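Coordinates in review
The residues making up each chain are set out below.
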Amino acid sequence: MSSSAKTYRVFVYGSLMRGLHNHHFIERATFHHTTKTRDTFCLIDSGSSFPYAISTNSCFASQRSKPTAITGELWSVKEPILDSLDRLEGHPDFYRRREIELEDDDEVAWMYFLYDPKFLKMIEMSPERYPDVIPPGDWRTYYPPGTWRDTMMTCGTAGPHTVFCYGSNGIEQMRERCRNPKLTARKARLPGSIRVFGGWSSRWGGAVASVLPKHGHSVRGSIVDLSAEELALLDSFEAVKSSKEPYAREGAVYHRQDVIVLAESDGDQQTPIPAVMYVKTDLEWKGPPSAKYLAACVRNVAQFWQPAKVEVRDGHGMLRGAPQQVESDTAPVDSSSAREASSSSAAGVGTEPSLTVDAGSDGVIHFDVVASRTEQTLVEAFGFPIDKAVTAVDAIVGKSDINLAVE
């Protein structure tokens, strides 16, 4: 085909965007930039890992959700790719392609809208099955409750890659694992999510952290920029399936997951940044996280956030313990003090950040640091299965009495 062949501007807003599962249809086209529609529309979750854009002319659109500008990507494609997109979208019967105007742009672009009258009626009658995308109009930052979409943003690219750290991967651990003492961290949080704990780590002696989507919540942590080689080193510590399949879930302990984080500056300015994080595949509750692991999580959060609070939630998002946090008179950890703390810890001296345990009578099982240490000893020194260790400690009054727990 001649290089002068006609090109078409196409605005994509769902699974065709970079890193999502249908992107291969346009990966050889020309990407321009992320943008928004000038007019407002409705964006609905199909329940099948892609959204429906619906014109506000539809009879129910204004009743279902408030129309809003839709966020997506602008691409230039040649006719063969446009033809393949038409086939994928079922144009003009299922979806219909029409020209729209974009924000801060004088030229129009093609966009696909759900058109099938029968399907529109089905969506109208089933709002629970086909919910609105929240935040409105932005598919990339929307996650159905409790699930993450399949992504592959970092595969085959040189980087740098921004990694969101929310658990034990504080800056000192990142420097050690990635073999780069010059790495630096920045303040960031992941909106629409909660930190949870699950599985069992023999290294840490308890559950370890992961993140689940949950609207209205936010996970505080940090971000670090890594090269592709450094990210591959981190993969090995997170036990991804393989270097060729870091996003695969089956057969992995953790898998890569692409998200949009908000990087925060000293002036409280928030900048959306594409990032990758590691999500745990098995969140079965086998016992609480150890005090040592919680302290590592708190140290990571305390680099930038005060109070550095970490809630103990299980894989269903239910509270299993009161928030663990650095005492109010503890200053945020800077890089030099973090290095000293890390070296002291490695030498077997020094202290961890003090943890507060909020007592209460609200029916929640509150996390007990002393009980957790006793459970850890029963597992490591006496060979107890974790469920029996938890049962034994629950049955005694003095949670630190190892002999009574064994009996």
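Scroll up to find the structure this text is about.
Attention in this report is confined to the structure presented alongside it. From a predicted model like this one, the values you see are computed outputs, not experimental measurements.

The rules behind each value
- For every chain, the first residue of its written sequence is number 1, and the numbers climb from 1 along that sequence.
- The predicted origin of the model limits local features to residues at a pLDDT of at least 70 and limits the giving and counting of side-chain atom pairs to 80 or more, whereas totals for whole chains, interfaces and linings rest on all residues.
- To get the side-chain values, all heavy atoms of the structure are used, and hydrogens and water are removed first.
- By salt bridge we mean one thing: a side-chain nitrogen of Lys or Arg within 4 Å of a carboxyl oxygen of Asp or Glu.
- Helix numbering and strand numbering both begin at the N terminus, where a helix is a DSSP run of H or I of at least 4 residues and a strand a DSSP run of E of at least 2.
- The rule is simple: take the accessible area with a 1.4 Å probe, protein chains only, and divide by the maximum for that residue type; under 20% is buried, over 50% is exposed, in between is partly exposed.
- Whether two residues are in contact is decided by their heavy atoms: any pair within 4.5 Å suffices.
- Side-chain atoms within 4.5 Å are what join buried Ala, Val, Leu, Ile, Met, Phe, Trp, Tyr and Cys residues into a set we call a nonpolar core.
- Strand pairing requires that DSSP identify at least two bridges connecting the strands.
- Stacked, tilted and edge-to-face are the three classes applied to pairs of Phe, Tyr and Trp rings, where Trp contributes its six-membered ring and a pair requires centres within 6.5 Å; stacked means planes under 30 degrees apart, edge-to-face means over 60, and tilted covers the rest.
- We count a charge as sitting over a ring when the NZ of a lysine or the CZ of an arginine lies within 6 Å of the ring centre and within 35 degrees of the ring normal.
- The directions considered for the arc run from the helix axis to the C-beta atoms.

As for the pattern of salt bridges
All told, the structure shown has 16 salt bridges when counted by the stated rule. Between Asp86 and Arg97 there is a salt bridge; the shortest N-O distance is 2.9 Å. Within this pair, whereas Asp86 is found in helix H2 (residues 79-89), its partner Arg97 is found in strand E6 (residues 95-101), the two being separated by 11 residues in sequence. Comparing Asp86 with Arg97 shows no difference in burial state: the two are buried. For Glu264, the salt bridge identified is with Arg189, shortest N-O distance 2.9 Å. Residue Glu264 is found in strand E11 (residues 254-264), and its partner Arg189 is found in strand E9 (residues 185-201); the two are separated by 75 residues along the sequence.

A few points about the environment of Ser15
Structurally, Ser15 can be placed in the loop between strand E1 (7-12) and strand E2 (30-36). With 135 residues separating them along the chain, Ser15 and Asp150 place their C-alpha atoms 9.7 Å apart. For Ser15, the residues in contact, after removing those within four places along its chain, are Leu20, His21, Asn22, His23, Ser49, Phe50, Pro51 and Trp139.

Focus on the nonpolar core
Residues Phe164, Phe197, Leu226 and Met277 are the most contacted members of the largest nonpolar core, which totals 48 residues. At 8 residues, the largest contribution of residues to this core is made by strand E10 (residues 206-226). Among all residues touching Leu226, those that are not within four sequence positions of it are Pro160, His161, Val163, Met174, Cys178, Leu183, Leu231 and Leu234. Counting 39 residues, the second largest nonpolar core, distinct from the first, contains Phe11, Ala53, Leu85 and Tyr112.

Comments concerning the pairing of E9
On a regular strand, one side chain projects to one face of the sheet and the next to the other, so that they alternate. Judged by how many residues are buried, E9 sits mostly within the fold: 12 of 17 residues are covered. Looking at chain direction, E9 and E10 are connected through 14 bridges and run antiparallel. Residue pairing for E10: Arg189 is matched across the bridge by Arg220. Hairpin connection of E9 to E10: 4 residues between the antiparallel strands, including Gly205 at a positive phi of 75 degrees.

Some words on H2
Taken together, the buried positions of H2 are occupied by Ile81, Leu82, Ser84, Leu85, Asp86 and Glu89. Next to the buried residues of H2 lie E1, strand E5 (71-78), E6 and strand E7 (108-114). One or two positions beyond H2, positive phi appears at Gly90, with a value near 70 degrees.

Brief notes about the packing of aromatic side chains
The full count for this structure, using the stated rule, is 13 aromatic pairs. Ring geometry for Phe50 against Tyr52: centres 5.6 Å apart, planes inclined by 85 degrees, an arrangement best described as edge-to-face. For Phe50, a relative accessible area of 24% puts it in the partly exposed group. Three or more aromatic residues joined by ring pairs make a cluster, and in this case those are Phe50, Tyr52, Phe94, Tyr95, Phe119 and Tyr130. Directly above the aromatic system of Trp305 lies the positively charged group of Lys187, at a separation of 4.3 Å from the ring centroid.

Overview of helix H3 (residues 117-125)
If you check which residues of H3 are buried, you get Phe119, Leu120 and Ile123. Taken around the axis of H3, the buried residues stretch over an arc of 105 degrees, which confines them to a single face. Of the residues in H3, the exposed ones pointing more than 90 degrees away from the buried face are Pro117, Lys118 and Met125.

Topic: unusual backbone geometry
In terms of backbone geometry, most residues other than glycine have negative phi values and most peptide bonds are trans. Of note, the amide linkage connecting His91 to Pro92 takes the cis form, showing an omega dihedral of 10 degrees. Within the fold, Pro92 resides in the loop between H2 and E6. One non-glycine residue with positive phi stands out, namely Arg179, at about 55 degrees.

By themselves, these observations are geometric and do not establish any function.
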